[in-house]
Amino acid sequence: MDHRIRSLSEYTQAYDKSVENPEEFWGEIASSFQWKKKWDDVLNWNFKGPDVKWFINGKLNITENALDRHLETRGDQVAILWEPNDPNEPHQEITFQQLHEKVCQFSNAMKNNGVGKGDRVIIYMPMVPEAAVAMLACARIGAIHSVVFAGFSANALADRINDCGAKMVLTSDGNFRGAKTIEVKSVVDEALEKTSTVEKVIVFQRTRTEVTMKEGRDIWWHEAIDGVSSENEAEEMDSEDLLFILYTSGSTGQPKGVVHTCGGYMVYTYYSFLNVFQYGEGDIYWCTADIGWITGHSYIVYGPLLAGATTMMFEGVPTYPDAGRFWHACDKHQVNQFYTAPTAIRALEAHGLEPLEPYKLDSLKVIGSVGEPINEEAWHWYHLNVGKGNCPLVDTWWQTETGGIMISALAGVTPVKPAHASLPLPGIQPIIVNSEGNELTGKNVEGNLCIKFPWPSILRTTYGDHERCRQTYFSAYENLYFTGDGVKRDHDGYLRILGRVDDVINVSGHRMGTAEVENAIDEHPKVIESAVVGYPHDIKGQGIYAYIIAEADGIEDEIRKTVTELIGPIAKPDKIQLVSGLPKTRSGKIMRRILRKIASGDVSNLGDTSTLLNPEIVEELKSGKV
Ligand code: WTA
């Protein structure tokens, strides 16, 4: 059955049905998959626990649906099209048949090295096809993968290994990124000194960087699969068995492990992929994200493969060897759907139109945006110069926790409006609430974005700490999932995402908790206290601004180094202002509102500062702004 919606009236019909009879709606879509055993009930839920279950007692393996199911009809079709960092290195085309073999073989290799159902496996790899093979092989044997973006530091990696008690790490010797070669294995080695659960490390050879291999623990990927069978019987998984854990930042504490499960995630990523991008037979689809983020999970690997699509994976960066690289790759591979982040668009826009000139871009049918609000200027630039004014631009709003795209136009189906995510997908019931939790109905309203009914790929828990999941997402408003984002419903009923309303900042599309960055800064021995806020940044969307009370001057670079070591370069403050104090209320709380205003250069109206314990500090902060 084809689940592609093709007109606005079909969208309305599907949407209405998904609200009136969600179980029938999702049951029908799920029926097109191969189940080892059909579910008893489609849905059982409450948001109090929270306790959400989809396709109850259904048995399946997601890789049978992403791979085996396609072998008869599209075994020779390219599943993964890989474009390397260096445009002069040959690209790779891996068919569904070949991908199936690789996944089965690596599944067996993992089993041979002691990993089985329920074990946690960390994937810390560059953007090579083997990274996708690694994820799928975990899923095939029922091991739970947790991909860690290969730009995170050894400390951040160790925290994640410890949090989930990983038994295995899959990694590479090194990583090519633009003109740089980055060491990867040595980072893993350092991380493993701070952990005790990892028994085996499998190392993919990519850069031929010299590495040390620890006897009995470390194995080369090519040796692990040498002579290993490429036949593998997929493990039977329950719909609600864990598929993966993905760590993401929140407004408090350390990153938490968002948990997704097999059945619902499969159904929703497939359905949303097909409809948002309107993928058609034979199309070449390219998402430029890294598999270390949710976008890479849902819309490079799972969604496209479940839909039988050709998904392109890109190892490099948009500006290497020059700022025309994306466009070169689009023409070279005749890409039909192109999905990227506003920060990349803005960075390329800064290079002007010249890098675009050699390229036709005439294969493109749909262009997409994800990860942060897209400003109108970037929207128009992208639409006009990349989409040539005639490709629908889908601005897709969603989160690690939602597993799949929640609010977006369906390409060519929903009329688009610059900078508006537009309308919810079928099955998604957003509501806008004010700070008291009252629903704001009607047009032209602005408030906090919540979702009032479960969808199949909603997070189930945060790994090892269910109470944290409840607290973070389900306690702000009764019986609602709270997203942490502000939203406006305009006069047409279209939704426009306004950005985070909590202490999460979005830097180049990467989520960062201000508390997490503060904790890292505070580790510097000369730092007494710090406060971190976001400020508008032309390319990154938001930059990181740190106010720091320190015992010494001139330590800005040292502090940046500390943050890089503890989290990674992406968390490095853009601006550091050394201060003698922070604005505090009488109860000792930092008044962040004031810090945000000063950092954004908007000091005309700082609001009421009379309740501050130390109102005199405001003048110092204003005059010392960097
Ligand atoms: C933001 C990325 C505006 C938002 C898929 C959300 C967006 C956070 C959009 C999740 C968009 C994502 N328009 N804001 N189209 N897409 N966001 O978990 O603040 O890395 O809460 O998931 O990114 O980031 P995450």
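The coordinates are above.
Residues numbered from 1 in each chain as written. Predicted model: local features only at pLDDT ≥ 70, side-chain atom pairs only at ≥ 80, totals over all residues. Heavy atoms only, no water.

Peer 1: Got a minute to help me understand the pairing of strand E21 (residues 430-433) in this structure?
Peer 2: Two faces belong to every sheet, and in a regular strand the side chains alternate between them. By the alternation rule, side chains of E21 split into Pro 430 and Ile 432 and Ile 431 and Val 433, which are all buried. Strand direction decides the pairing type here: E21 and strand E22 (residues 445-451), joined by four bridges, are antiparallel. Looking across to E22, one finds that Val 433 is bridged to Asn 448. (Buried < 20%, exposed > 50% of the residue type's maximum accessible area, 1.4 Å probe, protein only. Helix = DSSP H or I, 4+ residues; strand = E, 2+ residues; numbered from the N terminus. Pairing = 2+ DSSP bridges.)

Peer 1: Any chance you could explain the packing of aromatic side chains here in plain terms?
Peer 2: By convention here, two paired aromatic rings are described through the distance between centres and the angle between planes. As enumerated under the stated definition, the model contains 44 aromatic pairs in all. Ring geometry for Trp 35 against Trp 39: centres 4.9 Å apart, planes inclined by 70°, an arrangement best described as edge-to-face. Of the two residues, Trp 35 and Trp 39, both sit in the buried class. Centroid distance Phe 106 to Trp 221: 3.8 Å. Interplanar angle 10°. Geometry classified as stacked. Note that Phe 106 is positioned in helix H4 (residues 96-112) and Trp 221 in helix H8 (residues 221-224), a separation of 115 residues in sequence. Taken together, the ring pairs connect Phe 25, Trp 26, Trp 35, Trp 39, Trp 54, Phe 55, Tyr 268 and Tyr 271 into an aromatic cluster. Above the plane of the ring of Phe 152 lies Arg 160, whose end atom (NZ or CZ) is 4.4 Å from the centre. (Phe/Tyr/Trp six-rings, centres within 6.5 Å; stacked < 30°, edge-to-face > 60°. Lys NZ or Arg CZ within 6 Å of the ring centre and 35° of its normal.)

Peer 1: Would you mind going over unusual backbone geometry with me for this structure?
Peer 2: Trans peptide bonds make up most of the peptide bonds, and negative phi angles are found at most residues other than glycine. The amide bond that connects Gly 49 to the next residue, Pro 50, takes the cis arrangement and shows omega of -10°. Inspection of the secondary structure assignment puts Pro 50 in the loop between strand E1 (41-46) and strand E2 (51-56). Here Tyr 320 and Pro 321 are connected by a cis peptide whose omega angle stands at -5°. Non-glycine residue Gln 334 carries a positive phi angle of around 50°. Its location among the elements puts Gln 334 in the loop between helix H11 (325-333) and strand E18 (337-340). Non-glycine residue Lys 388 carries a positive phi angle of around 55°. Note that Lys 388 resides in the loop between helix H13 (376-386) and strand E20 (393-396).

Peer 1: Would you mind showing me how to read the sheet that holds strand E25 (residues 495-500) here?
Peer 2: Backbone-to-backbone hydrogen bonds join strands into a sheet, with any given pair of strands oriented parallel or antiparallel. What the four strands build is an open sheet, ordered E21-E22-E24-E25; its pairing is antiparallel. Among the strands making up the open sheet, the edge pair consists of E21 and E25. Ignoring strand direction, the axes of neighbouring strands in this sheet form an average angle of 45°. Pairing analysis gives five bridges linking strand E24 (residues 481-489) to E25, with the strands arranged antiparallel. Note on E25: the bridge partner recorded for Asp 485 is Arg 500. (Axes fitted to C-alpha atoms, helices over the stretch in contact; angles between N-to-C directions.)

Peer 1: Explain the site of the ligand to me, please; I cannot follow it from the model alone.
Peer 2: Looking at the ligand, there are 17 residues lining it, with Asp 395, Thr 396, Thr 400, Asp 485 and Arg 511 nearest. The separation between a nitrogen atom of the ligand and a polar side-chain atom of Asp 395 is 2.8 Å. Between an oxygen atom of the ligand and a side-chain N or O atom of Arg 500, the distance comes to 2.8 Å. Contact with the protein chains removes 96% of the 530 Å² of surface that the ligand exposes when unbound. (Near = heavy atom within 4 Å. Polar contact = N/O pair within 3.5 Å; in protein donor to acceptor, adjacent residues only side chain to side chain. Areas by Shrake-Rupley, 256 points an atom, 1.4 Å probe, with all protein chains shown as cover.)

Peer 1: Could you clarify how one ought to interpret H11 in this entry?
Peer 2: Residues spaced three or four apart along an α-helix face the same direction, because each turn holds 3.6 residues. Burial within H11 is extensive, with seven of its nine residues counted as buried. Of all the positions in H11, only Arg 325, Phe 326, Trp 327, Ala 329, Cys 330, Asp 331 and His 333 are classed as buried. For H11, the elements touching its buried residues are strand E4 (78-83), strand E16 (284-287), strand E17 (310-314), E18, helix H12 (342-349) and H13. Gln 334 sits one or two positions beyond H11 and adopts a positive phi of about 50°. (Contact = heavy atoms within 4.5 Å.)

Peer 1: What is the right way to look at the layout of surface pockets in this model?
Peer 2: To locate leftover empty space, one rolls a probe as large as a water molecule over the atoms. Here the second largest pocket defines a volume of roughly 320 Å³. Lining the second largest pocket are 15 residues, with Arg 74, Tyr 270, Leu 274, Glu 281 and Ala 307 sitting closest to its centre. Going through the elements one at a time, helix H3 (62-74) and helix H9 (262-277) are the ones with two or more residues in the lining of the second largest pocket. With three residues, H3 is the single largest residue contributor to the lining of the second largest pocket. Considering only residue class, the lining of the second largest pocket consists of six nonpolar, four polar and five charged. (1 Å grid on protein atoms, 1.4 Å probe; cavity = no way out; pocket = protein on both sides within 12 Å on 5 of 7 lines; lining within 4 Å. Points joined across faces, edges and corners; volume = space filled by probe spheres on them. Nonpolar A, V, L, I, M, F, W, Y, C, P; charged D, E, K, R; others polar.)

Peer 1: Would you mind going over H3 with me for this structure?
Peer 2: Over its 13 residues, H3 extends 17 Å from the first C-alpha to the last, a length consistent with the 18 Å expected when each residue adds 1.5 Å. Within H3, burial applies to Ile 62, Thr 63, Glu 64, Asn 65, Ala 66, Leu 67, His 70 and Arg 74. (Expected span 1.5 Å × (residues − 1).)

Peer 1: Hey, could you run me through the pattern of salt bridges in this one?
Peer 2: Any two side chains of opposite charge can pair, on the condition that their charged atoms come close. On inspection of all chains with the given rule, the structure shows 38 salt bridges. Between Glu 83 and Lys 332 there is a salt bridge; the shortest N-O distance is 3.0 Å. Of the two residues, Glu 83 is situated in strand E4 and Lys 332 in helix H11; the sequence distance between them amounts to 249 residues. Assessed through its relative accessible area of 0%, Glu 83 is described here as buried. (Salt bridge = Lys/Arg side-chain N within 4 Å of Asp/Glu carboxyl O.)

Peer 1: Just to check I follow, could you spell out the sheet that holds E4 for this structure?
Peer 2: If you walk across this open sheet you meet the seven strands as E5-E4-E17-E16-E18-E19-E20, and the pairing is mixed. Every interior strand has two partners, whereas the edge strands, strand E5 (92-95) and E20, have only one. Put simply, the sheet's adjacent strands are angled 20° from each other on average, direction ignored. Pairing analysis gives four bridges linking E18 to strand E19 (residues 366-370), with the strands arranged parallel.

Peer 1: Would you explain the nonpolar core in this entry?
Peer 2: Across soluble globular proteins, nonpolar side chains show a tendency to be buried alongside one another. One finds Trp 26, Leu 99, Phe 106, Met 110, Leu 170, Phe 277 and Tyr 302 to be the most contacted residues of the largest nonpolar core, which totals 122 residues. Once you skip the residues sitting within four places of it in the chain, Tyr 302 turns out to touch Ile 62, Met 135, Leu 136, Ala 139, His 145, Leu 243, Tyr 265, Thr 269 and His 297. Core analysis: the second largest hydrophobic core is formed by 44 residues, Ile 144, Ala 156, Val 188 and Val 203 among them. (Core = buried A, V, L, I, M, F, W, Y, C linked by side-chain atoms within 4.5 Å.)

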